[in-house]
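# Tertiary structure, described
Listed below are the residues making up each chain.
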Amino acid sequence: ILESGMDVGIVNPHEMLALSEIEPDVKVACDNLVFNKTEDATDVMLELTKRERARRDALKNGPVEVKKISWRDLPVIKRLEHALINGISQYVEKDTEEARQQAERPLHIIEGPLMDGMNIIGDLFGAGKMFLPQVIKSARVMKKAVAYLIPFMEKEKKDKMIADGLNPDDFDENDDSNFAGKVLMATVKGDVHDIGKNIVAVVLGCNNYKVYDIGVMCSCEKILEKAKEYNVDVIGLSGLITPSLDEMVVVAKEMSKGGFTQPLLIGGATTSKMHTAVKVSPNYFTVDHPVIHVLDASRSVTVVSSLLGENKEDYTTDIMEEYDEMREDYYAGLEDRYFLTFDQAKQQKLVIDFDAVPPAPAPKKLGVTLIEDVQLEDVVPYIDWNPFFQTWELRGRYPNRGYPKIFDDEAVGSEAKKLFNDAQELMKKIIADKSMNLKGVVGMFAANRTDDGEDVLVYSSEEDRESGKPLDKFCMLRQQAEKESDDPYLSQADFIAPAGYKDHIGMFAVSCFGCDALVQKYEAEHDDYNKIMSQALADRFVEAFAEYLHRVMRTDMWGYAKDESLNEDDLLKIKYVGIRPAPGYPSQPDHTEKSTMWNVIKAEQLAGIQLSESLSMMPAASVSALVFAHPESCYFAVGQVGKDQVESYAKRKNMELSPCERWLSPILNYERD
C-alpha cells in the first residue's frame with residue numbers, strides 16, 4: 001500500500017467487515033482503487049457508492065430521517081454471521097431470538113448461520129487470516145447463542161417425545177450426535193495448569209467438535225473411564241510440569257493394555273515432539289491409533305480433522321515414519337555424546353574464591369516473613385508482556401518480535417494491540433474490584449554447602465550454624481555432559497560458600513489468588529475470552545510479583561544490593577546481581593526439592609500455597625525460587641545426568657533409587673528399569 005502512494009487510512013473498526021463478507025465486485029473495486037491498478041478505479045468506486053446510497057435510501061423509513069448504515073441494518077441471519085466472524089457478543093441474545101422467531105426450528109439457527117459463520121472462522125484461522133484472540137471472541141458469541149437456544153431445543157425434543165407416546169423423562173441432554181467428532185481433554189495427574197488446554201478446547205469447539213474437558217489433576221483411571229463413558233474419538237493430554245511427561249507415558253501404556261483405539265494427542269509447555277516420539281509413542285502408536293504431539297492450538301484442528309478424515313492412514317503413516325526417524329536420531333545422539341563420570345564432574349566444578357569475592361552480607365532478618373500487603377497495582381510496572389502474547393499465539397516477525405515492537409508487526413500488530421487493550425481494561429477492573437490478590441512467603445537463612453560440595457545446608461540462626469544443627473538440606477544436581485570448552489561443570493551448590501564462611505540463601509513462594517473464582521464466573525457466562533484472559537493476567541501478575549519481591553529482597557530485606565538503581569526493563573533483562581532459579585527448572589530440574597522448600601518456609605501454612613501429588617503449585621498462578629546472592633552465581637541447565645550421579649543423589653536425599661529415577665526421568669541419560 002505504501003509503495004502505491006497511500007500514506008494513511010482512517011477507519012472505524014466497529015464498522016469494519018471481514019474480507020469474506022465484502023461483495024466480490026466491491027472487493028475488486030477497493031483493490032483497484034487502493035493499489036491504483038486501473039485508470040477507471042475512481043469512477044467505478046463512485047458508481048458503487050451510488051449503489052450503496054440507493055440501498056441505504058431504500059432502508060430508510062422516511063425521506064427526512066438520515067440513518068447511519070451499519071451491519072446492524074443487515075438481515076438477522078447476516079447479523080449473526082457478522083457478529084460471529086467479528087466476535088461481537090453485545091447483541092447476540094437479541095439477534096438469536098429474532099432469528100428463532102423466523103426459523104422453523106431452533107436447531108436450524110445453529111446448523112445455518114451459526115455454523116456457517118464458524119466454518120468461515122475455521123477457514124480463516126487455518127489460512128492464517130484470523131488470529132487466536134479473534135477465534136476465542138467468536139467462540140464466545142457462538143456459546144452465548146447456543147446457550148440461549150438450548151432450552152427451546154430441549155422443549156421441542158420433549159414435546160416430540162410426548163407426541164410420539166414416549167416418556168419425556170428419558171430425554172438425553174447429552175446427545176452429541178450432531179458433532180464432527182468427540183474429543184476428551186484432560187490435564188494429567190498432579191498438574192493444575194490448563195490455560196493451553198482451554199484454548200485448544202475453544203478452537204476445536206469452533207470447528208464443531210464436541211469437547212469433553214474433564215479438568216485438571218486427572219488420574220489415568222479417570223481419563224480412561226471418561227473416554228469410555230463419552231465414547232470419544234480422540235483423547236488429548238496436557239501438562240506443564242516435567243512430572244507430567246512421565247504421567248503421559250503411564251496413560252499411553254494403560255491405553256495399550258486396555259485395548260483402546262483412540263488416537264492420543266500430547267500437548268503442553270514442557271512437552272515436545274522429540275519426547276512424544278521417544279518416550280510416549282512406542283507405548284501405544286499404531287496406524288490406527290497414533291500418538292501425536294500438538295504444538296499449539298492452531299495445529300489442533302488440522303490434526304483432529306486428519307485423524308477423523310478419509311486420509312487418516314496416509315497421515316498417520318507419515319507421522320509414524322517421522323517419529324521412527326527421530327527416535328533413531330535420538331539414540332544415535334546418546335551413543336555419540338560423552339558424559340563425564342560424577343567424580344570427574346565434581347573435580348571440574350566451579351571454584352569461587354570466597355576470600356577474594358566474599359559472600360553477601362547477612363540479611364537484616366533471618367527466618368520466614370509473610371508477604372500479604374503487596375497490591376496488584378504495585379507489581380504492574382514489573383509485568384513482562386512477552387509471554388502474554390505467546391499464550392495467545394501472537395508472534396511478531398523480526399524486527400518486530402516482542403513487546404512493544406509487536407504492535408508494529410504487519411501481520412499481527414493490529415490484533416496484538418486490540419488484545420493488549422482488552423487486557424488493560426480487564427486488568428483495571430480486576431485491580432478496582434480486588435477480584436485477585438497477591439500473597440507469598442520469603443525465607444532467608446544461614447547456609448553453607450556440604451563437605452562433599454554437592455548440597456546446601458540451611459540453618460535457622462547463626463547459633464545453629466555454629467553448633468552444627470541444620471534446619472534442612474537442599475540437594476543439588478551437577479552437569480555431566482562433556483563440554484568442548486574448559487567451562488566448569490556447574491551445580492547450584494557451587495554458589496554457596498563452604499563451612500567457615502558466613503554465607504546465606506534466600507527463597508520465596510508467591511501466588512496470585514482469585515483467578516479460579518473469575519474463571520468460574522466467566523464460564524457461567526459462556527465467556528471463554530475473558531476466562532482465558534483472566535488466567536493469562538493471573539500468570540502475569542504472579543510473575544511480576546516474583547520480580548518485585550526479588551528486588552525488595554536484594555535492596556531491603558537482604559540488602560546486599562541496596563544501591564541498585566535498575567529500571568523495570570533492566571530487571572527483565574536480568575542485569576541485577578544474583579539469581580532466583582526455581583526447583584523443577586533447568587538449574588535444578590528436580591521438583592521434589594519444592595517439598596524441602598515448603599517445609600522450610602511453611603508456604604502452605606502461612607500463605608495457603610499448596611503442592612499437588614506431582615508437586616505442581618496451587619493455585620496455578622504461583623512461582624517459587626531459591627535466591628543466590630553471590631555475583632558469580634548464574635543460570636545454567638543441568639542437562640542429562642548419569643546413573644552414578646542419580647545413585648549418589650538418591651542416597652543424599654534418603655530416597656529409594658526407583659522413585660528418584662522417576663522424578664528425574666526427563667533428564668536421565670539412560671533407560672531406567
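See above for the structure.
Reading the values: the criteria
- Every chain is numbered independently, its residues counted from 1 as its sequence is written.
- Per-residue local features of the predicted model are confined to residues with pLDDT of at least 70, and side-chain atom pairs are confined, for both listing and counting, to 80 or more; whole-chain, interface and lining totals are unaffected and use all residues.
- Calculated side-chain values reflect all of the structure's heavy atoms, with hydrogen atoms and water omitted.
- Lines are fitted to the C-alpha atoms to define the axes, a helix being fitted only along its stretch in contact, and any angle between axes, read from their N-to-C directions, falls within 0 to 180 degrees.
- Under the DSSP-based scheme used, a helix requires at least four consecutive residues in state H or I and a strand at least two consecutive residues in state E, with every element numbered from the N terminus.
- Roughly parallel means an angle under 35 degrees; roughly antiparallel, over 145; roughly perpendicular, 65 to 115; everything else is oblique.
- By convention, the crossing between two helices is left-handed when the near helix turns anticlockwise from the far helix through less than a right angle, and right-handed when the turn is clockwise.
- Residues are treated as being in contact if the distance between any of their heavy atoms lies within 4.5 Å.
- When residue character is reported, Ala, Val, Leu, Ile, Met, Phe, Trp, Tyr, Cys and Pro are called nonpolar, Asp, Glu, Lys and Arg charged, and the others, Gly included, polar.
- Strand pairing is assigned whenever DSSP detects at least two bridges linking the two strands.
- As used in this record, nonpolar core signifies buried Ala, Val, Leu, Ile, Met, Phe, Trp, Tyr and Cys residues forming a set joined through side-chain atoms within 4.5 Å.
- For each residue, the accessible area found with a 1.4 Å probe, counting protein chains only, is set against the maximum for its type, and the residue is called buried under 20%, exposed over 50%, and partly exposed in between.
- We count a salt bridge whenever a side-chain nitrogen from Lys or Arg sits within 4 Å of a carboxyl oxygen from Asp or Glu.

Now for the packing of helix α9 (residues 243–257) against helix α10 (residues 273–280). Where α9 contacts α10, the two axes come as close as 10 Å, and the packing angle between them is 45°. As the angle between them shows, α9 and α10 are arranged oblique. In this structure, α9 crosses over α10, and the sense of that crossing is right-handed. When α9 is examined against α10, the residues Leu245, Met248, Val249 and Ala252 are found in contact with a partner set consisting of His275, Lys279 and Val280. Tallied by class, residues from the contact of α9 with α10 come to five nonpolar, one polar and one charged.

Another point: unusual backbone geometry. Along the chain, tyrosine 398 connects to proline 399 via a cis peptide bond; the corresponding omega equals 5°. Looking at the secondary structure, you find proline 399 in the loop between α15 (386–391) and α16 (413–433). Of the consecutive residues methionine 618 and proline 619, the connecting peptide bond is found in the cis state with omega at 5°. Within the fold, proline 619 resides in the loop between β12 (617–618) and β13 (622–627). Despite not being glycine, lysine 434 shows a phi value in the positive range, around 55°. Positionally, lysine 434 belongs in the loop between α16 and β7 (437–449).

On to the sheet that holds strand β2 (residues 209–213). Pairing within the open sheet is parallel, and its five strands lie in the order β2-β1-β3-β4-β5. Of all the strands in the sheet, just β2 and β5 (291–293) have a single pairing partner and so form its edges. Put simply, the sheet's adjacent strands are angled 25° from each other on average, direction ignored. Pairing of strand β4 (residues 264–267) with β5, which is carried by three bridges, proceeds in the parallel orientation.

On to the nonpolar core, then. The biggest cluster of nonpolar side chains holds 135 residues, and the ones touching the most others in it are Ile223, Ile235, Leu264, Trp392, Phe508 and Phe541. In terms of residues, this core owes the most to one element, helix α19 (residues 528–557), which gives 14 residues. Look past the residues within four positions of tryptophan 392 in its chain and what remains in contact with it is Leu132, Pro133, Ile136, Leu419, Tyr529, Ile532, Met533 and Ala536. Counting residues in hydrophobic clusters, the runner-up holds 42 residues, among them Phe445, Leu490, Phe628 and Val646.

Before going further, it helps to spend a moment on the pattern of salt bridges. Using the criterion set out here, one finds 35 salt bridges in the structure. Residues lysine 137 and aspartate 422 are paired through a salt bridge, measuring 3.0 Å at the closest nitrogen-oxygen approach. Placement of the pair is lysine 137 in helix α6 (residues 132–163) and aspartate 422 in helix α16, with a sequence separation of 285 residues. By relative accessible area, aspartate 422 is classed as partly exposed at 23%. Across the pair glutamate 671 and lysine 279 runs a salt bridge whose closest N-O atoms are separated by 3.3 Å. Of the two residues, glutamate 671 is situated in the segment after α24 (657–663) and lysine 279 in helix α10; the sequence distance between them amounts to 392 residues. Judged by relative accessible area, glutamate 671 falls into the partly exposed class, the value being 46%. One network of salt bridges, with partners in common, ties together Arg72, Arg79, Asp95 and Glu98.

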